[in-house]
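# Geometric and topological summary
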Amino acid sequence: MITTKPKKGDLLIAEPAIIGDISFNRSIVLLADHNDEGSIGFILNKPLNYTINDLVPEVEAEFKVYNGGPVEQDNLYFIHKVPQLIPESIEISLGIFWGGDFNKVAELITNNKINESDIRFFLGYSGWKSSQLETELKSNSWVVTENTYKKKIIEKDYESFWKEKMLEFGGEYSIWSNAPENPNFN
């Protein structure tokens, strides 16, 4: 369901109009927080060529790491659905949690107590200062939609996610679902 006012836990779907934007072209962002001071989110469908083991060698796992956004790309963030196992987690909504005790996360992964369907790692995050996201919404850069996947969003296949949302929206969005990511390749 498309909404007009974003709230914590919603998804921001990049409009086809922002083609050429290196950070957000065809992005789907989970809003981890949204208030009068600004918004924070993580791009869900932009995997990097890293695994958690590449970045934290003591964590022997091949979990993918995603580009969370253009802010603080030298910091590692994570969302998960196992707050009972990860102390200090902050609930986003619908059974999705943000952050927590990373030492505990490393231990849980090492001991095979959580797997890749429980957690998603990001380098960086997406951030908007007060009113910035609302301005981008008015300029039709994003479509706001409810997260109907709830906590299963962590398991969502990233490759077809944006295309799937365009088809779901229908109408003129359907046309964009099959367009090449870079229009110069058409």
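Residues numbered from 1 in each chain as written. Predicted model: local features only at pLDDT ≥ 70, side-chain atom pairs only at ≥ 80, totals over all residues. Heavy atoms only, no water.

Our next topic: helix α4 (residues 161-169). When α4 is considered as a whole, its buried residues turn out to be F161, W162, K165, M166 and F169. Along the axis of α4, the buried residues cluster in a sector spanning 140°; they form a single face. Following α4 by one or two positions, G170 has its phi on the positive side, about 70°. (Buried < 20%, exposed > 50% of the residue type's maximum accessible area, 1.4 Å probe, protein only. Helix = DSSP H or I, 4+ residues; strand = E, 2+ residues; numbered from the N terminus. Arc of directions from axis to C-beta.)

Buried together is how nonpolar side chains tend to be arranged in soluble globular proteins. Membership of the largest hydrophobic core comes to 36 residues, with the highest contact counts inside it found for L11, L44, I79 and W142. Take this core: its biggest share by element is five residues, from strand β3 (residues 28-35). In this structure, V56, V65, I86 and F121 belong to the second largest nonpolar core, which totals 17 residues. (Core = buried A, V, L, I, M, F, W, Y, C linked by side-chain atoms within 4.5 Å.)

Successive residues of a regular strand alternate their side chains across the two faces of the sheet. Within strand β10 (residues 119-129), nine of the eleven residues are buried, which leaves the element mostly enclosed by the surrounding structure. Pairing between strand β4 (residues 38-43) and β10: four bridges, direction antiparallel. Bridge pairing in β10 places S39 opposite W128. Looking at chain direction, strand β6 (residues 64-67) and β10 are connected through three bridges and run parallel. Looking across to β10, one finds that Y66 is bridged to F122. (Pairing = 2+ DSSP bridges.)

Within β4, five of the six residues are buried, which leaves it mostly tucked inside the rest of the structure. In this structure, β3 lies alongside β4, joined through six bridges in antiparallel fashion. Note that in β4 the partner of L31 across the bridge is G41. What sits between the antiparallel neighbours β3 and β4 is a turn of two residues.

A few words on the packing of aromatic side chains. Pairs of aromatic rings are described using the distance from one ring centre to the other and the angle between the two planes. Summed over the entire model, instances satisfying the criterion amount to 14 aromatic pairs. Between F24 and W142, the ring centres sit 5.2 Å apart and the planes meet at 75°, which makes this aromatic pair edge-to-face. With F24 in the loop between β2 (11-14) and β3 and W142 in strand β11 (residues 142-145), this residue pair connects regions lying 118 residues apart in the sequence. Both residues of the pair, F24 and W142, count as buried. Ring centres of F78 and F121 lie 5.9 Å apart, and the angle between their planes is 55°; on these two criteria the pair is classed as tilted. Linking F78 in strand β7 (residues 71-80) with F121 in strand β10, this pair joins segments that are 43 residues apart in sequence. Comparing F78 with F121 shows no difference in burial state: the two are buried. One aromatic cluster in this structure is built from F42, Y66, Y77, W98, F122, Y125 and Y158. (Phe/Tyr/Trp six-rings, centres within 6.5 Å; stacked < 30°, edge-to-face > 60°.)

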